[in-house]
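Here are the chains, one letter per residue:
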Amino acid sequence: MFGTFTDIERKVLHGERLTKEDGIKLFSCNELSWIGALADYVRKKKCGDIVYYNVNCHLNLTNMCVSQCKFCAFGRDENVKGAYAMTIKQAVNVIKDAMKDPNMSGLHIVSGLHPKWHFKRYVDFLKIIHKTFPNLYLKGFTGVEITHFSKISGKSVKDVLIELKDAGLQAIAGGGAEILSDRVRNLLCPKKATADEWLEVARIAHNLGIKSNASMLYGHIETIEERVDHLMKLRSLQDETGGFQTFISFPFLPKNTVLGKEVSQTSMWDDLRTLAISRLMLDNFNNIKAYWVMLTVPVAQLALSFGANDIDGTIHKETILHDAGASSPTSLKEDEIIKIIRDIGRTPAACDCNFNILRLIN
Ligand code: SF4
C-alpha cells in the first residue's frame, strides 16, 4: 500500500513498535483515510468498542497567572479586567450547582499560577472540597502547577504530591506538556515548568501510585519532528512507569492569544491525522481522547473512528478554551454524549477519573 508506507502498515498489523522515522513519515502521508483506518484497527484491537466519558465539572480556581504563555487566552495579570480568584465558598458553590446532576461524579481542577497564593491554599481548597463532596472523584493540577507548588513552597515535588494525595487528589490532569522541547518552551512559555520538569512530575506521581494524563499542544511553532519527539518522550516514560491513563492532543486555538497574531488555527485534516498518528505511536497507552471542546463535537465524533476511545466529559462549564475562541458548547448533557457514541455503533461507559467503569450504557 502506497509504496514507502507498506512497511509501516506491516508493523502496525503485526503489533510492532513504530520508530521516530516512521512517525515523521506518517506525517508526510496524504492518505488520511488510510492513517485513520490503521489507528482504528489498533483502537479496536486494544480497547474494543467501549468509549469512555465522565459526568464531570471543570473548576478553574483562578485565571491570574504569572506565566504569560504566548498560546494562552485564559491566564492574565492580577489587576487586569476579567482577572478573578475564587474564594473557597465560590468554588463550593460552583460544585453544588454541578451536583444538581444526579450522575455528577468527577471534578477536574486546573487553574492559573496565582502570583500570591501559597501552596497551603490549594491544599485547603482540596481538603474542603473532598470533605464537602466525599463521593466526587478528584482529578486536578497539571505538571506545570505541581512544579509551581514545589517552587513556591520550597517542598520537593514528591512532598507536594503526597500532600495533595492526602488531601483527596486521585489523579493528575494532563495539561501543561505543550511540546516537550526546550526550544519551543523557551520561545512560548519560558516562565513555567521545563520539559524535563513536566516529565519528572509525572514520573514521581506514577511512582507514588498517582495516575496522570498526558497531552500535546500542537499546531503553532513546533516542527513535525518535535511533535514526534514529544510522543516518543511520553512513550518512553510510559514504558518506565505505566502511569499515563489517556493522551489528549490539543490543537492550538489562536483567538485572544499573543501567538494568534502570527499563527492561524489548525485544519480538521491536521487534527485527525495528529490524533490517529498519536494512537499509532503511543502503543503503550490504552486510551486516546477526542477532546470535543477543542475539536468541536462533530470532529470529536469522527475522531472516535480515527483511534480515539475516550471523549472526555460533560464538563458543566468550560472556560479556558472558550477564552481562546473555542466554537464548541461550554458543556454537553450526558444524553448528548451517549448519543454521539451510540450513533457510531459504539458502547458508552461512564467512568471515574481513573477509568474505572461506573455505568455501562448498553
Ligand atoms: S497556559 Fe497555564 S501557565 Fe500558561 S499562562 Fe495559561 S494558565 Fe498560565
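Residues numbered from 1 in each chain as written. Predicted model: local features only at pLDDT ≥ 70, side-chain atom pairs only at ≥ 80, totals over all residues. Heavy atoms only, no water.

Novice: How should the overall build of the chain be read in this particular structure?
Specialist: When you go through the chain residue by residue, the secondary structure sums to 14 helices and 11 strands. Against the globule reference of 21 Å for 362 residues, the chain gives a C-alpha radius of gyration of 19 Å, in line with a compact fold. Along the three orthogonal principal directions, the C-alpha set of the chain runs to about 60 × 45 × 40 Å. A buried classification covers 56% of the 362 residues belonging to the chain. When contacts within the chain are restricted to residue pairs at least 6 apart in sequence, long-range pairs at least 24 apart make up 74% of them. Of the roughly 14700 Å² of accessible surface on the chain, 52% is carried by carbon and sulfur atoms. Taking the average location of the 45 positive side-chain charges in the chain and that of its 41 negative ones, the two points are 4 Å from each other. (Helix = DSSP H or I, 4+ residues; strand = E, 2+ residues; numbered from the N terminus. Rg over C-alpha atoms; globule rule 2.2 N^0.38 Å. Buried < 20%, exposed > 50% of the residue type's maximum accessible area, 1.4 Å probe, protein only. Contact = heavy atoms within 4.5 Å. Areas by Shrake-Rupley, 256 points an atom, 1.4 Å probe, with all protein chains shown as cover. Lys, Arg positive; Asp, Glu negative; His and termini not counted. Charge placed at Lys NZ, Arg CZ, Asp CG, Glu CD.)

Novice: Would you mind going over the site of the ligand with me for this structure?
Specialist: Taken together, the neighbourhood of the ligand is formed by C65, S67, Q68, C69, F71, C72, G75, G112 and K192. Among the residues forming the shell around the ligand, the class breakdown is four nonpolar, four polar and one charged. (Near = heavy atom within 4 Å. Nonpolar A, V, L, I, M, F, W, Y, C, P; charged D, E, K, R; others polar.)

Novice: Help me understand the environment of G154, please; the structure alone is not making it clear to me.
Specialist: Tracing the backbone through its elements, the reader meets G154 in the loop between α6 (143–153) and α7 (157–166). The spatial distance from the C-alpha of G154 to the C-alpha of F119 is 9.7 Å, given a sequence separation of 35 residues.

Novice: Would you mind showing me how to read the pairing of strand β6 (residues 211–218) here?
Specialist: In the case of a regular strand, side chains alternate between the two sheet surfaces. Most of β6 is tucked away, with seven of its eight residues classed as buried. Two elements, strand β5 (residues 171–172) and β6, share two bridges in a ladder whose sense is parallel. Residue A171 lies in a different strand from β6, and its bridge partner there is K211. Note that β6 and strand β7 (residues 244–251) share six bridges and pair parallel. Across the sheet, the residue bridging to S215 is I248, located in β7. Handedness of the β-α-β unit built from β6, helix α10 (residues 224–241) and β7 comes out right-handed. (Pairing = 2+ DSSP bridges. Right-handed = clockwise from strand over helix to strand, strands pointing away.)

Novice: Explain α7 to me, please; I cannot follow it from the model alone.
Specialist: An α-helix turns once per 3.6 residues; consequently, residues spaced three or four apart project the same way. Looking only at α7, the buried set comprises V157, V160, L161 and L164. Down the axis of α7, the smallest arc covering the buried residues is 95°, so these residues share one side. A positive phi of about 125° marks G168, the residue just after α7. (Arc of directions from axis to C-beta.)

Novice: Explanation requested: the nonpolar core in the structure shown.
Specialist: Nonpolar side chains in soluble globular proteins generally cluster together in the buried interior. Grouped together as the largest cluster of nonpolar side chains are 117 residues, with contacts concentrated most on I146, L164, L234 and I311. Per element, the largest residue contribution to this core is seven residues, and it comes from helix α9 (residues 195–207). (Core = buried A, V, L, I, M, F, W, Y, C linked by side-chain atoms within 4.5 Å.)

Novice: Hey, could you run me through the packing of aromatic side chains in this one?
Specialist: For the structure shown, the criterion picks out 12 aromatic pairs. Relative to F125, the ring of W117 has its centre 5.5 Å away and its plane inclined at 40°; by these criteria the two rings are tilted. You can call F125 buried: its relative accessible area is 1%. Their ring planes at 45° and their centres at 4.3 Å tell us that Y122 and F149 sit as a pair that is tilted. Placement of Y122 in helix α5 (residues 119–132) and of F149 in helix α6 is noted, with a sequence separation of 27 residues between them. (Phe/Tyr/Trp six-rings, centres within 6.5 Å; stacked < 30°, edge-to-face > 60°.)

Novice: In this structure, what is going on with the pattern of salt bridges? I would like to understand it.
Specialist: Pairing between side chains of opposite charge can happen when their charged atoms approach one another. This structure, assessed with the given rule, holds 27 salt bridges. Of the charged contacts in the structure, one is a salt bridge between E222 and R227, with a shortest N-O distance of 2.8 Å. What makes R227 buried here is its relative accessible area of 5%. Of the charged contacts, one joins D310 and K289 as a salt bridge, the two residues approaching to 3.1 Å between their closest N and O atoms. Here K289 lies in strand β8 (residues 287–289) and D310 lies in strand β9 (residues 310–313), a separation of 21 residues in the sequence. For the pair formed by D310 and K289, the shared burial category is buried. (Salt bridge = Lys/Arg side-chain N within 4 Å of Asp/Glu carboxyl O.)

Novice: I keep staring at the side chain of D270 and nothing clicks. Help me out?
Specialist: Looking at the element boundaries, D270 is found in helix α11 (residues 268–281). If near-sequence neighbours (up to four positions away) are discounted, D270 is found in contact with Y218 and R227.

Novice: Any chance you could explain the environment of D270 here in plain terms?
Specialist: You can call D270 buried: its relative accessible area is 10%. Separated by 3.0 Å, the side chains of D270 and R227 make a polar contact. (Polar contact = N/O pair within 3.5 Å; in protein donor to acceptor, adjacent residues only side chain to side chain.)

Novice: Please clarify how helix α4 (residues 88–98) should be interpreted in this entry.
Specialist: If you check which residues of α4 are buried, you get A91, V92, I95 and A98. Each buried residue of α4 lies within a common arc of 115° when the element is viewed along its axis, so the set occupies one face. Elements that come into contact with the buried residues of α4 comprise β2 (56–59), β3 (106–109) and α5.

Novice: Looking at this model, I keep getting lost on the side chain of T257. Mind explaining?
Specialist: Along the polypeptide, T257 turns up in the loop between β7 and α11. Taking relative accessible area as the criterion, T257 reaches 5% and is therefore assigned buried. A distance of 2.8 Å separates a polar atom in the side chain of T257 from the backbone nitrogen of G260. Not counting residues up to four positions away in its chain, the partners in contact with T257 are K70, F71, C72, A73 and F252.

Novice: Help me understand the packing of α7 against α9 in this model?
Specialist: To describe two helices that pack against each other, one gives the angle between their axes and the distance between the axes. As a packed pair, α7 and α9 sit with axes 10 Å apart at the nearest point and diverge in direction by 55°. Between α7 and α9, the crossing angle belongs to the class labelled oblique. Seen from above, α7 lies across α9 with right-handed handedness. On the side of α7, the interface is formed by V157, K158 and L161, while α9 contributes V201, I204 and A205. (Axes fitted to C-alpha atoms, helices over the stretch in contact; angles between N-to-C directions. Parallel < 35°, antiparallel > 145°, perpendicular 65-115°, else oblique. Left-handed = near helix turned anticlockwise from the far one by under 90°.)

The values reported here are purely geometric and, on their own, carry no functional implication.
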